[in-house]
Amino acid sequence: MEFAVFVTLPGLVILLTVVAFADQILRATGRGRRTGQVSSTGFEQLHATFSQGKQNELKERRSALVLRDDEEDGAPPHRSTVDLAGGRAVIRIDGVRGR
């Protein structure tokens, strides 16, 4: 009968709350060595069940984890240079040569 309580929505919220408290206690005592929180993942999935915007946000996070992030993204390719130590920046525009 106890299992039947946890398959209902209020039972799921109670179960997630208990898991959240247990997770926080384990992290406070030093036994939880993770950087993320298990309880927040469960609550985000519950929120995504009722909110289309949250579902889209979670899909965007998953796709961002798969994509590669290069340091030179967004910078002009091989034309401009920045010398932080010397305090000098050289910006070259197509067709114009720098001095």
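## So, the confidence of the model for the protein chain
Per-residue confidence for the protein chain gives a mean pLDDT of 76; residues scoring 70 or more make up 72%. Here helix 1 (residues 2-6) stands out as the least confident element of the protein chain, with mean pLDDT 71; helix 4 (residues 52-66) is the most confident, with 85.

## Some thoughts on the environment of Leu-16
Here Leu-16 shows up in helix 2 (residues 9-29). On the accessibility criterion, Leu-16 (15% relative accessible area) is buried. Leu-16 sits 27 residues away from Phe-43 along the chain, and the two C-alpha atoms are 7.1 Å apart. Ignoring sequence-local partners within four residues, the contact set of Leu-16 consists of Gly-42, Phe-43 and Leu-46.

## Looking at helix 2
Across its 21 residues, helix 2 extends 30 Å between first and last C-alpha, which sits within 8% of the 30 Å expected from 1.5 Å per residue. Those residues of helix 2 not exposed but buried are Gly-11, Leu-16, Ala-20 and Asp-23. One or two steps after helix 2, the chain reaches Gly-30, where phi turns positive at roughly 90 degrees.

## As for the pattern of salt bridges
Tallied over the full model, the rule gives 4 salt bridges. One salt bridge connects Glu-44 with Lys-54, and the closest N-O pair in it is separated by 3.9 Å. Highlighted residues: Glu-44 in helix 3 (residues 38-50) and Lys-54 in helix 4, separated in sequence by 10 residues. For Lys-54, the salt bridge goes to Glu-57, with nearest N and O atoms at 3.6 Å. Here the residue Lys-54 and the residue Glu-57 both occupy positions in helix 4, the gap between them amounting to 3 residues, near one helical turn. Judged by its relative accessible area of 12%, Lys-54 is buried. Each of Glu-44, Lys-54, Glu-57 and Arg-61 takes part in one network of salt bridges that share partners.

So, how was this worked out
- Residues numbered from 1 in each chain as written.
- Predicted model: local features only at pLDDT ≥ 70, side-chain atom pairs only at ≥ 80, totals over all residues.
- Heavy atoms only, no water.
- pLDDT = per-residue confidence, 0-100.
- Helix = DSSP H or I, 4+ residues; strand = E, 2+ residues; numbered from the N terminus.
- Buried < 20%, exposed > 50% of the residue type's maximum accessible area, 1.4 Å probe, protein only.
- Contact = heavy atoms within 4.5 Å.
- Expected span 1.5 Å × (residues − 1).
- Salt bridge = Lys/Arg side-chain N within 4 Å of Asp/Glu carboxyl O.

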